[in-house]
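Architecture at a glance
So the chains spell out like this:
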Amino acid sequence: MVKTGWITVDVNNTIMSTFNVEYKRINNSTVKATLSLAAENKPIVTVPIIVLDVSGSMSGGRIKHCLNAVRHILSKVGSVHLLTYGTNCQDHGIITSDDATKVSIDGMTSFRAAYETLITVVSKKREPSQVIFMTDGEDTVRNKHVDLDRAWLKENLNGKTCVIHTIGIECESHTQHMLDLSRCGSSEGTYGYFSSNV
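Criteria and thresholds
- Residues numbered from 1 in each chain as written.
- Predicted model: local features only at pLDDT ≥ 70, side-chain atom pairs only at ≥ 80, totals over all residues.
- Heavy atoms only, no water.
- Helix = DSSP H or I, 4+ residues; strand = E, 2+ residues; numbered from the N terminus.
- Expected span 1.5 Å × (residues − 1).
- Buried < 20%, exposed > 50% of the residue type's maximum accessible area, 1.4 Å probe, protein only.
- Axes fitted to C-alpha atoms, helices over the stretch in contact; angles between N-to-C directions.
- Parallel < 35°, antiparallel > 145°, perpendicular 65-115°, else oblique.
- Contact = heavy atoms within 4.5 Å.
- Nonpolar A, V, L, I, M, F, W, Y, C, P; charged D, E, K, R; others polar.
- Pairing = 2+ DSSP bridges.

What follows is about helix α1 (residues 61-77). With 17 residues, α1 should reach 24 Å at 1.5 Å per residue; the first-to-last C-alpha distance of 24 Å fits that figure. Listed in full, the buried residues belonging to α1 are Ile63, His65, Cys66, Leu67, Ala69, Val70, His72, Ile73, Leu74 and Val77. With its phi angle positive at about 90°, Gly78 sits one or two positions after the end of α1.

Across the interface, helix α2 (residues 111-124) lies against helix α3 (residues 146-157) with an axial gap of 10 Å and an inter-helix angle of 5°. Here α2 lies roughly parallel to α3, going by the angle between them. Across the interface between the two elements, Arg112, Tyr115, Glu116, Leu118, Ile119 and Val122 of α2 pack against Asp149, Arg150, Trp152, Leu153, Asn156 and Leu157 of α3. Among the residues making up the contact of α2 with α3, the classes are represented as seven nonpolar, one polar and four charged.

So, about the pairing of strand β4 (residues 49-53). Among the five residues of β4, five are classified as buried, and the element is accordingly described as predominantly covered. Summarising the sheet, β4 and strand β5 (residues 80-85) pair through five bridges and their orientation is parallel. Residue pairing across strands places Ile50 opposite Leu82, the latter belonging to β5. Across four bridges, the pairing between β4 and strand β7 (residues 129-135) is parallel. For Ile49, the partnering residue across the bridge sits in β7 and is Val131.

That is the geometry; function is a separate question.
Okay, here's the thing in structure tokens:
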């Protein structure tokens, strides 16, 4: 499966940076997310924000696929702002090396915790934000409120230049949630999906 899309950061009708995003399953143990400049003469104006699900349901192959994608993105753009979430969300700040491999898997999944931290991070940035969510898509803390929480995220990102892209890992039953999450920014992001069953 290959899913491609574009991230365009637009401020005052001036394109600051355009990135090509490609999600591709390489084999049963690797998913590749490629983030590259669409035009080499365009400067990178923002560090991508990766929001990584590290709840218990992401153990094993799921987190391995995500960490491979994080490593690949790091190799292409040099640094990312990493947030990890389970029951709570932790802001690791900007990482430039393979620090992402030091995450621990534990707890339940709270998208609300991730959204709260993401809003704080985006609010502090002066430049446009590009966000990549990597998750299996299931909220086990506030499952009955997932639509309300996503609407709350969209409302709190209103007025901020922010594009959200989602990579769903083995989340067949949560595809609509992932698509809707990619529509919460100032313009629509892309949705990529990985399944070892494909």
